[in-house]
Structures are given as C-alpha cells and as structure tokens.
Amino acid sequence: MDTLNVSTAAIKVQPSSPVPYLVLVTFLTFNLLVCAEVIGLFGIAENILNIENFRRQGFHDNANITLTALMISDIGALVIQQACNMIINPWIQEYETFMVKSQLFIPANYVHEYFIRVSGVITSFAALERCLCVVLPLKVKGIVTKRVALCVNLMIFVVLTLYLLPPFDVFYTEPRYLPNLNKYILAMVIKGNRNSYFNVYYFIADMFLPYATFLALICFNVIIIAKLKSKSKWRLSTSGKQVSTTRLSYKERRAVFMLVNISVIFIVCLIPHSGLSTALGIERSLSVDGSNFDIYKLCYSFTMLLETLNCSVSIYVYYRMSSKYRTTFHEIISPCKRLGLK
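By the naming in an unreviewed UniProt entry, the protein chain goes by Neuropeptides capa receptor and is assigned to Biomphalaria pfeifferi. Checking UniProt for the protein chain, the heading Subcellular location (unreviewed entry) contains the comment "Membrane".

Teacher, can you tell me more about the nonpolar core here?
Burial of nonpolar side chains together is a common tendency in soluble globular proteins. Formed by 76 residues in total, the largest nonpolar core has its most connected members in Y110, Y114, F171, Y296 and Y300. Broken down by element, the residue count for this core peaks at 15 residues, all from helix α4 (residues 101-135).

Please explain the UniProt feature "transmembrane region" (unreviewed entry) in the protein chain as it appears in this structure.
Per the UniProt record, "transmembrane region" (unreviewed entry) is found at residues 20-44, 148-165, 200-226, 255-275 and 295-319. Secondary structure content for residues 200-226 is 100% helix and 0% strand, while the C-alpha to C-alpha distance between its ends is 37 Å. The span residues 295-319 is 88% helix and 0% strand, and its two end C-alpha atoms sit 38 Å from each other.

What's the story with the packing of aromatic side chains in this structure? I'm lost.
How two aromatic rings sit relative to each other is set out by the distance from centre to centre and by the angle between their planes. Applying the stated criterion to the full structure yields 12 aromatic pairs. Ring centres of Y319 and F329 lie 5.4 Å apart, and the angle between their planes is 80 degrees; on these two criteria the pair is classed as edge-to-face. Here F329 lies in helix α12 (residues 323-341) and Y319 lies in helix α11 (residues 314-321), a separation of 10 residues in the sequence. Ring plane angle 15 degrees and centroid distance 6.3 Å describe the contact between Y325 and F329, whose orientation is recorded as stacked. Residue Y325 and its partner F329 are both found in helix α12; the two are separated by 4 residues, about one turn of the helix. Assigned by exposure class, Y325 and F329 land together as buried. Ring-pair connections join several aromatic residues into one group, and the members of that group are F54, Y318, Y319, Y325 and F329.

What exactly am I supposed to notice about the pattern of salt bridges here?
A complete count under the given rule lists 4 salt bridges for this structure. Linking R56 and E52 is a salt bridge whose minimum nitrogen-to-oxygen distance equals 2.8 Å. With R56 and E52 both in helix α2 (residues 21-57) and 4 residues apart, the pair spans about one turn of that helix. You can call E52 partly exposed: its relative accessible area is 23%. Salt bridges sharing common partners tie together E52, R55 and R56.

It is not clear to me how the environment of L286 should be interpreted in this structure. Could you clarify?
Note on placement: L286 falls in the loop between α9 (250-282) and α10 (293-310). The buried category is assigned to L286, whose relative accessible area is 11%. Sequence separation of L286 and K297 is 11 residues, and the distance between their C-alpha atoms is 8.8 Å. Look past the residues within four positions of L286 in its chain and what remains in contact with it is A279, L280, N292, F293, I295 and Y296.

What is the right way to look at α11 in this model?
The periodicity of an α-helix, 3.6 residues per turn, causes residues three or four positions apart to be oriented the same way. Listed in full, the buried residues belonging to α11 are S314, I315, V317, Y318 and M321. When α11 is viewed along its axis, its buried side chains cluster within an angular range of 165 degrees and face the same direction.

Even after reading the chapter, I still don't get the side chain of S274, so can you show me in this structure?
Counting through the fold element by element, S274 comes out in helix α9. Contacts of S274, omitting those with residues within four sequence positions, involve D206, P210, Y211 and F214.

How should I be thinking about the side chain of E37 in this particular structure?
With respect to the helices and strands, the residue E37 is situated in helix α2. Here E37 falls in the buried class, since its relative accessible area comes to 13%. Leave out the neighbours within four places in its chain, and E37 touches L32, Q82, N85 and M86.

I tried to follow the packing of α2 against helix α3 (residues 62-87) on my own but got confused; where do I start?
The axes of two packed helices give the description: the angle between them and the distance between them. It is the contact of α2 with α3, at a shortest axis distance of 9 Å, that shows an interaxial angle of 155 degrees. Classified by the angle their axes make, α2 and α3 are roughly antiparallel. Of the two possible hands of crossing, α2 and α3 adopt the one that is left-handed.

Looking at this structure, I do not really get a nonpolar patch on the surface. What am I missing?
On the surface, M155, V158, V159, L162 and L165 cluster together into a nonpolar patch covering about 470 Å² of accessible area. The greatest single-element share of the nonpolar patch, amounting to 3 residues, is contributed by helix α6 (residues 146-159).

I keep staring at the confidence of the model for the protein chain and nothing clicks. Help me out?
For any part of a model where pLDDT is low, the fine detail of the predicted coordinates should not be relied upon. Per-residue confidence for the protein chain gives a mean pLDDT of 78; residues scoring 70 or more make up 79%. When pLDDT is averaged over each helix and strand of the protein chain, the minimum, 42, is found for helix α1 (residues 6-9) and the maximum, 92, for α6. For the stretch residues 5-15, pLDDT sits under 50, and the model shows 30 contacts to residues farther than four places along the chain or on other chains. Residue range residues 242-248 is modelled with pLDDT below 50. Its contacts to residues more than four positions away, or to other chains, number 14 contacts.

How do you make sense of α3 when you look at a structure like this?
Across its 26 residues, α3 extends 38 Å between first and last C-alpha, which sits within 8% of the 38 Å expected from 1.5 Å per residue. Most of α3 sits inside the fold, with 21 of its 26 residues counted as buried.

Rules and cut-offs
- Residues numbered from 1 in each chain as written.
- Predicted model: local features only at pLDDT ≥ 70, side-chain atom pairs only at ≥ 80, totals over all residues.
- Heavy atoms only, no water.
- UniProt positions renumbered as here; feature names shortened; annotations may be inferred.
- Core = buried A, V, L, I, M, F, W, Y, C linked by side-chain atoms within 4.5 Å.
- Buried < 20%, exposed > 50% of the residue type's maximum accessible area, 1.4 Å probe, protein only.
- Helix = DSSP H or I, 4+ residues; strand = E, 2+ residues; numbered from the N terminus.
- Phe/Tyr/Trp six-rings, centres within 6.5 Å; stacked < 30°, edge-to-face > 60°.
- Salt bridge = Lys/Arg side-chain N within 4 Å of Asp/Glu carboxyl O.
- Contact = heavy atoms within 4.5 Å.
- Arc of directions from axis to C-beta.
- Axes fitted to C-alpha atoms, helices over the stretch in contact; angles between N-to-C directions.
- Parallel < 35°, antiparallel > 145°, perpendicular 65-115°, else oblique.
- Left-handed = near helix turned anticlockwise from the far one by under 90°.
- Patch = residues over 30% accessible without salt bridge, like charges linked within 9 Å, V, L, I, M, F, W, Y side chains within 5 Å.
- Areas by Shrake-Rupley, 256 points an atom, 1.4 Å probe, with all protein chains shown as cover.
- pLDDT = per-residue confidence, 0-100.
- Expected span 1.5 Å × (residues − 1).

Right, here's the structure in full:
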C-alpha cells in the first residue's frame, strides 16, 4: 500500500510547478468560481424547470421519460460540479479542511464523471429512439414502449455505477498526524495493485465508453438526417414537384436543426474533457500525486466550464425547437409573472 504524498498533492503551486502560480489562480478563479458557478446554478434551476415541464406534458411520450432522466443526470453532474469548484478553490488554504484539497477532489471528481457518463449514454439512447422513429415509424411504438424506455434509463443509472467501483476500491482514507500543524487529517491510501488495475479501467472508462458514446451519437444522427432527406425526395417526386436533395419541409428542417444542435453542443462540450481524461490515463504525471498536476488543473478549469455549459443550455434548444415545450413553459411561469405585476 502507498499513501499519497500530502505535500505533492497540495493544490498550492510549488516553485517547480510548470504553471505560474498567478496564471493558475487567475484561471481557476475566473473559470470555476465565477463562470462555472453562475452557469451551474442557472443550469440546476433550468433542469428542475425542464423536469416540471415534461411532467406537465405527461410521460405517455417515451421521449419525455428519456429527457427527464437526462435532466436528473445533468442536475447530479452540476451539483457535484459546484462541490468540485469549491474544493479546487485556490483561495481556501491547505489543511483548512479535514483532508488535503487535491485528495478530497478525487472522490468528488469520480462521482461527477459518473453523472457525465450517464448523461452521455442517455443522450445516445435518446438519439436511438429518434432514429427508430424515423427509420421504423410504424413499428417503433411496439419496440420502444413506455416500460422499455423507463427500464432502459434506470438500467443506465444502475449499470454505470460500475464506473465508481474500481476507484473506490483502490483508494481509501486513513488518519494521518501532521506534527507541524499538530492535527490529524485524512490521507488517501492507494492499494499496491493500482497500476495494473487502472490500466484496464482507464481504457474502458475514459477511452472506450466516452468515444463509443460520441460515435453512436454521430451515427444515429447521420442516419436520421439521411432518412429525412430521402423521405423528402420521395414526397417531392410523387407529388410531381422537382426533386431536390437539399430542400426539406419546414417541420423537417426544424427537426434536423434541433438534432444537429443537440449533437454539436454535446460533442463540442464533452470531447475536450474526454481528451483530458485520456491524457490522464496515458500520462500519470497529470494525476493528483504527479509532478504535472497543475497542468491538469489548468486544463480542467476549461473542460469543466464546457461541461457546465452542456448541462445548462438545453432549455434554449427545447424552447426554440418545440412549440409544446414553449406552451408548457409559459404555463409554468405565468403565475410568477402575475405575482410580479402585483
């Protein structure tokens, strides 16, 4: 067994750090404590509003079940993100908490990553549902029933808890006395089989799963767009109109635009952090007890900001693209407007 070195795990940058202390503090403060905190709080409130919106619409539509599950996962990611932001706060000095901040960051970050991966798989399942609706419109109701949608989303939450088992098995804590501070803190202890154990874990959890999610999402949306264009060409040809490979009906264009927006937002916001996780799996000096952990923290401040945006902008997409969502949204906020007028 090996105990993480408290001094090298400290969030405060040592003189030999590859990142200047002022640069690190500036970006951590602006990206995480200002932007991510404000956007994250807005995102939590927005996702709660989204859940209420879908509840009022009813869960007879399978898509509402999946989207509600996605909102729950996003709330979990955003709540844990707020905690991670506070842990990595450069203005809180070391040893002011019950555990070294960078070591305390480890379990919080894994829980946050769990919710991010759940959101990714649920998003892919939502894309699969839409794909089946377009490819098999007459059979989809028999394939993806309300019960199937509910069970699949619950299973995603349950099965992906396997993501948390390896790190919480390898890492555990024990009291450690610091004579210079005359106090006990909790120190992170690592089991001896960490490297062989985590080589397989990082490949599956931080390389295969995220990139498989991106690939599935891209494939499903490409199929949807291609099928919509094919149907549009067929309708135009049978109605005697000139066939166009680019012209779509207004409703189809809106559907394609919404799918492209959701896909682009998810991929653009999530790929940077997946790349950072992949780099962490390959270059162990980026880990919490490594010599380049400050580089990881600097990159983390940007990737977490993008992830926070991804979990917080869905209300804009749904409001623009769904008339039913807009109607229900105005029903929800109308009492607030009346109170404001009074």
